[in-house]
Amino acid sequence: MSTPEQEVEYRQHRFSPPSGATEIFLVRHGESMPQRLSEPFDLVDGQADPDLAPEGRDHAARVGERLASERIEALYVTTLRRTAQTAAPLAEKLGLTPAVEPDLREIHLGEWENGLFRKHTAEGHPLARKLWEEQRWDVLPGAESDEAFGLRIRAAITRIAAAHPDQRVAVFTHGGVIGEAFAQASRALERFAFLGADNGSISHLVVHGENWLIRGFNDRSHLAAPLG
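Residues numbered from 1 in each chain as written. Predicted model: local features only at pLDDT ≥ 70, side-chain atom pairs only at ≥ 80, totals over all residues. Heavy atoms only, no water.

For the structure on display, the rule yields 20 salt bridges. A salt bridge links Arg154 to Glu210, with the nearest nitrogen and oxygen atoms 3.7 Å apart. With a gap of 56 residues between them, Arg154 in helix α5 (residues 146-163) and Glu210 in the loop between β7 (202-208) and β8 (211-219) connect regions that are remote in the sequence. Here Arg220 and Asp198 are joined by a salt bridge, their closest N and O atoms 3.0 Å apart. With a gap of 22 residues between them, Arg220 in the segment after β8 and Asp198 in the loop between α6 (175-186) and β7 connect regions that are remote in the sequence. Judged by relative accessible area, which is 24%, Asp198 ranks as partly exposed. Three or more residues are tied together by salt bridges with common partners; here these are Asp42, Asp49, Asp51 and Arg81. (Salt bridge = Lys/Arg side-chain N within 4 Å of Asp/Glu carboxyl O. Helix = DSSP H or I, 4+ residues; strand = E, 2+ residues; numbered from the N terminus. Buried < 20%, exposed > 50% of the residue type's maximum accessible area, 1.4 Å probe, protein only.)

Now the structure itself:
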């Protein structure tokens, strides 16, 4: 006597990166020292280079704890020391030396570098309002063009992905860089749609050739901070 064939079950798909893809955890550096215009920060290639604030060092320690078990095989930092300082706890735990990727440094703010961006934004300067209305960094005098910024971010992410197929890497970088990378990945109509990642937050990008897939943005669960 024949028995009916067992019906095939189709389970919901669970994501896994395609072969050859690179998983990139983009970490925004911890909070940096407050700016006093009477005590300008050191400059690196014309950009402000503050130390981490005490709160930022706590962010760094929490990031290190969070990512220590995530099978990360390489670390990257920028030329600005707040990223290296944020990466240091994780680098020590993993026994890895971070590589420097200069093209993932923050957007250059031109004449508004070294504290003036913070000051003018806090005071509601008309150009600060125009920047948000037009969603272009280069409304600021002497600032890096949005096109040049976007090209260098894409080139740097592409280089890192090409160097680490089928691996996970952590990239310690800046809020503007994360915003630009995710705007490109999402093809956002608004360039600043992803601007505002929190200090010490972790965002997750999967890069497979020309395809960039967002897996998570602004994860701050390790920071023990309330949502909102």
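So, about the nonpolar core. Counting 33 residues, the largest nonpolar core has Ile24, Leu26, Leu104, Ile157 and Val171 as its most contacted members. When contributions to this core are tallied by element, the ones reaching two or more residues are β1 (22-28), β4 (74-77), α4 (126-134), α5, β6 (168-173), α6 and β7. Sort the elements by how many residues they give to this core and α5 lands first, with six residues. For Ile157, the residues in contact, after removing those within four places along its chain, are Ile24, Leu26, Leu104, Val207 and Trp212. (Core = buried A, V, L, I, M, F, W, Y, C linked by side-chain atoms within 4.5 Å. Contact = heavy atoms within 4.5 Å.)

Under the 1.5 Å per step criterion, the end-to-end length of helix α1 (residues 54-67) is 20 Å for 14 residues, consistent within 8% with the ideal 20 Å. Residues of α1 that are buried include every one of Gly56, His59, Ala60, Val63, Gly64 and Leu67, and no others. When α1 is viewed along its axis, its buried side chains cluster within an angular range of 135° and face the same direction. Set apart from the buried face of α1 by more than 90 degrees, the exposed residues are Pro54 and Glu65. In this structure, the buried residues of α1 make contact with β1, α2 (81-94), β6 and β7. (Expected span 1.5 Å × (residues − 1). Arc of directions from axis to C-beta.)

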